[in-house]
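If you want the building blocks of each chain, they are given just below.
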Amino acid sequence: MTRDLTSWQESYKGKGKGALDLTCFPDPFTGDLRGINGEPSLVVLGLNPGVGYPELQSRDGVWANRIRQTSFSKCFDRSPPGDQAWLKLHVKESPYWRSLMSFGQRCCGNNFEFSQILNFELYPWHSSALTSALNCPPSIIDLYVFQPLAEVQTRHIFAFGKPWDKVFQGLGLTEVRRYGDGFQPLPGVSTPGWTVVIFRSALMTVPIIVSWQQGYAGPPGKPRLQALRAIIENEG
């Protein structure tokens, strides 16, 4: 396992503002991976956990102390939405999690809650930006992300960010369809720079939908959601 983690960490070579922040704990997933309180309605695959905050995520940070009291996989209060420690530090909500919650409500209904999200990261170490390619070894992603993901029963799986396209090809998943510039047109919209790829695995009952836009690796906003819904309905 130590060798795997070393290879995983060394697969990214960011420098400057993209240098790793090793003062904060790595964050491979957020949410109820074990299904202790129920299966997630929405699984999201991100690129990395972004900026680390020592007040929360250093060895003596608030969230680190919460993890000590429960264990990493059973600690459900180590993420921005509604967390008082986060709000005390930042005053306002996390823009990423706010957009993710809005996306979840549009996909799953107005009763959707933060606790229904399970979020995995392609690269679990913190940095304030990504300044180099994420060349994570497919075998490691298979072991630490894809195999756990395959055990989750969920309604939706979305991967945000172009690097996931290469990862799923490396894992040998079946590419069902590719939408966007130079490929099949996106339903009902003209959105230059937006690509959506549908993958399937024999291990899962729902497709994996990979989405990325130029300079953006988050969930599509409201104007593009109608097209995404049409794709989901078409792919079953």
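This is a predicted model, so every value here is computed, not measured.

Novice: If you had to explain the pairing of strand β4 (residues 156-160) to someone new, which residues and values would you point to?
Specialist: Of all five residues that make up β4, five are buried, and the element is covered over most of its length. One ladder, built from four bridges, connects strand β2 (residues 42-46) with β4; its direction is parallel. Among the inter-strand pairings, Leu 42 is bridged to a residue of β4, identified as His 156.

Novice: Outline the pattern of salt bridges, supporting the account with residue identities and numerical values.
Specialist: Should their charged atoms come close, side chains of opposite charge can pair. Applying the stated rule across the entire model yields five salt bridges. Close ionic contact of Arg 66 with Asp 77 constitutes a salt bridge, the shortest N to O distance being 3.9 Å. Of the two residues, Arg 66 sits in helix α3 (residues 62-70) while Asp 77 sits in the loop between α3 and α4 (84-90), which places them 11 residues apart along the sequence. The residue Glu 175 makes a salt bridge to Arg 178 at a minimum N-O spacing of 2.9 Å. In this structure Glu 175 comes out as partly exposed when scored by relative accessible area, which is 36%. Connected via shared salt-bridge partners are Arg 66, Asp 77 and Asp 83.

Novice: Give a detailed account of the environment of Ser 73, specifying residues and quantitative values.
Specialist: With respect to the secondary-structure elements, Ser 73 resides in the loop between α3 and α4. The exposure class of Ser 73 is buried, given its relative accessible area of 11%. Along the chain, Ser 73 and Phe 29 lie 44 residues apart, while their C-alpha atoms are 8.5 Å from each other. Every residue in contact with Ser 73, bar those within four places of it in the chain, is listed here: Phe 29, Gly 31 and Arg 34. Reaching out from Ser 73, the side chain makes a polar contact with the side chain of Arg 34 at a distance of 2.7 Å.

Novice: Any chance you could break down helix α7 (residues 163-170) for me, citing the residues and the numbers?
Specialist: Where α7 is concerned, the buried positions are Trp 164, Asp 165, Val 167 and Phe 168. Projected onto a plane normal to the axis of α7, the buried residues spread over an arc of 165 degrees and lie on a single side. Remark: Gly 172 follows α7 within two positions and exhibits a positive phi of approximately 80 degrees.

Novice: Run through the sheet that holds β2, naming residues and quoting values.
Specialist: With mixed pairing, seven strands are arranged side by side in an open sheet as β1-β3-β2-β4-β7-β6-β5. Since the sheet does not close on itself, it has two edges, and those belong to β1 (29-30) and β5 (174-179), each with one partner. Here five bridges tie β5 to strand β6 (residues 194-200), and the two strands are oriented antiparallel to one another. Looking at the pairing, Thr 174 lines up with Arg 200 of β6. Along the sheet, α7 makes contact with β2, β3 (117-121), β4, β5, β6 and β7 (208-213), crossing β7 at roughly 145 degrees.

Novice: Explain the packing of aromatic side chains to me, using residue names and the numbers behind them.
Specialist: Going through the model one piece at a time under the given rule, you end up with 16 aromatic pairs. Judged by centre distance (5.3 Å) and plane angle (80 degrees), the ring pair of Phe 29 and Phe 72 falls under edge-to-face. With Phe 29 in strand β1 and Phe 72 in the loop between α3 and α4, the pair connects residues that are 43 residues apart, well separated along the chain. Owing to a relative accessible area of 10%, Phe 29 belongs among the buried residues under this scheme. Phe 72 gets classed as partly exposed once you look at its relative accessible area, which sits at 22%. One aromatic cluster is present, formed by Trp 8, Tyr 12, Tyr 123, Trp 125 and Tyr 144 through successive ring pairs. Above the face of the Phe 72 ring, Arg 78 is positioned so that its terminal group lies 3.7 Å from the ring centre.

Rules used in this analysis
- Residue numbers restart at each chain and count upward from 1, following the sequence in its written direction.
- Predicted model: local features are reported for residues with pLDDT of at least 70 only, side-chain atom pairs are reported and counted for 80 or more only, and whole-chain, interface and lining totals are derived from all residues.
- Think of the side-chain values as coming from all heavy atoms in the structure, minus any hydrogens and water.
- Remark: exposure states derive from per-residue accessible area (1.4 Å probe, protein chains only) relative to the maximum for the residue type, with buried under 20%, exposed over 50%, and partly exposed in between.
- Numbering goes from the N terminus for both helices and strands, where a helix is a DSSP run of H or I of at least four residues and a strand is a run of E of at least two.
- At least two DSSP bridges between two strands are needed for those strands to be called paired.
- A side-chain nitrogen of Lys or Arg and a carboxyl oxygen of Asp or Glu constitute a salt bridge if their distance falls within 4 Å.
- Whether two residues touch is decided by their heavy atoms; if any such pair falls within 4.5 Å, the residues are in contact.
- Pairs of N or O atoms are called polar contacts if they sit within 3.5 Å, as long as, within protein, a hydrogen donor faces a hydrogen acceptor (for residues adjacent in sequence, only side-chain-to-side-chain pairs).
- Arc definition: directions from the helix axis to the C-beta atoms.
- Angular values range over 0 to 180 degrees, each being the angle between N-to-C directions of two axes fitted as lines to C-alpha atoms, with helices fitted over their stretch in contact.
- Stacked, tilted and edge-to-face are the three classes applied to pairs of Phe, Tyr and Trp rings, where Trp contributes its six-membered ring and a pair requires centres within 6.5 Å; stacked means planes under 30 degrees apart, edge-to-face means over 60, and tilted covers the rest.
- Whether a charge lies above a ring is judged from NZ of Lys or CZ of Arg, which has to be within 6 Å of the ring centre and within 35 degrees of the ring normal.

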